[in-house]
Amino acid sequence: AQVNVSVELSPPSAQVFVAFRTVCGWGDISVGVAEAALRSSIVNVTCQSESGLIGMGRVVGDGVLYFYLQDIIVLPEWRGKGIGRLIIEALLTEAKKIAPEGATLGLMAAHDKEAFYENFGFEQRPTNRLGAGMTQLIL
């Protein structure tokens, strides 16, 4: 059976974003935090099926030199069906329309997802030139 899946260049509502993160195991945030985060995005992509939101992704950053793929989230039951690929392709297409030559497009891959992103030309760190990516969780 053919499933209709649409890719849209728009964010989910803040309420849907909060619920989606929770269902997908990404943790709980408030609606106010969700609204501010979505409003600050450079590019938003949602992937919808007849049943609603099945995947999403954002590009964040300064919009000039630095762009980061963020919140690449696919419902567990839709993983492995090409939804992530659709989201990444849409995000990259839109980011490359905005980014000048020499800009950096980065991401922080979830554990064991590095090979997925290499398919789109991302390079694992550390390299001879770049150290490992690092994060700090604000508590």
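Shown above is the structure to which this text applies.
So, here is what we can say about the structure in this document. (Residues numbered from 1 in each chain as written. Predicted model: local features only at pLDDT ≥ 70, side-chain atom pairs only at ≥ 80, totals over all residues. Heavy atoms only, no water.)

Looking now at the overall build of the protein. From N to C terminus, the protein includes four helices and five strands. Reading the secondary structure of the protein in the N-to-C direction produces β-α-α-β-β-β-α-β-α. For the protein, the C-alpha radius of gyration of 15 Å lies close to 14 Å, the compact-globule estimate for 139 residues. Taken along its principal axes, the extent of the C-alpha atoms in the protein is 45 × 40 × 30 Å. Taking the intrachain contacts of the protein between residues at least 6 apart in sequence as the baseline, contacts between residues at least 24 apart amount to 56%. About 8,700 Å² of surface is accessible on the protein, with carbon and sulfur atoms providing 53% of the total. If you average the places of the 11 positive and of the 14 negative side-chain charges in the protein, the two averages end up 2 Å apart. (Helix = DSSP H or I, 4+ residues; strand = E, 2+ residues; numbered from the N terminus. Rg over C-alpha atoms; globule rule 2.2 N^0.38 Å. Contact = heavy atoms within 4.5 Å. Areas by Shrake-Rupley, 256 points an atom, 1.4 Å probe, with all protein chains shown as cover. Lys, Arg positive; Asp, Glu negative; His and termini not counted. Charge placed at Lys NZ, Arg CZ, Asp CG, Glu CD.)

The subject of this paragraph is the pairing of strand β2 (residues 43-49). Of all the seven residues making up β2, six are buried; the element is thus mostly covered by neighbouring parts of the structure. Examined bridge by bridge, strand β1 (residues 6-8) and β2 share three bridges and lie antiparallel to one another. Pairing of Val7 across the sheet is with Cys47, part of β2. Pairing geometry for β2 and strand β3 (residues 52-61), over seven bridges, is antiparallel. The partner of Thr46 across the bridge, within β3, is Met56. (Buried < 20%, exposed > 50% of the residue type's maximum accessible area, 1.4 Å probe, protein only. Pairing = 2+ DSSP bridges.)

The next point concerns unusual backbone geometry. Between Arg125 and the following residue, Pro126, the backbone shows a cis peptide bond with an omega angle of 0°. Tracing the backbone shows Pro126 in the segment after α4 (114-118). Phi is positive for Asp112, which is not a glycine, with a value near 70°. Structurally, Asp112 can be placed in the loop between β5 (104-107) and α4. A relative accessible area of 60% means that Asp112 is categorised as exposed.

Enumeration according to the criterion identifies three aromatic pairs in this entry. Here the aromatic rings of Phe116 and Tyr117 are separated by 5.0 Å at their centres, their planes lie at 75°, and the arrangement is edge-to-face. Owing to a relative accessible area of 28%, Phe116 belongs among the partly exposed residues under this scheme. Residues Phe116 and Phe120 carry aromatic rings whose centres are separated by 5.3 Å and whose planes lie at 70° to one another, so their mutual orientation is edge-to-face. Note on Phe120: relative accessible area 16%, which makes it buried. (Phe/Tyr/Trp six-rings, centres within 6.5 Å; stacked < 30°, edge-to-face > 60°.)

Worth remembering: the numbers are spatial, not functional.
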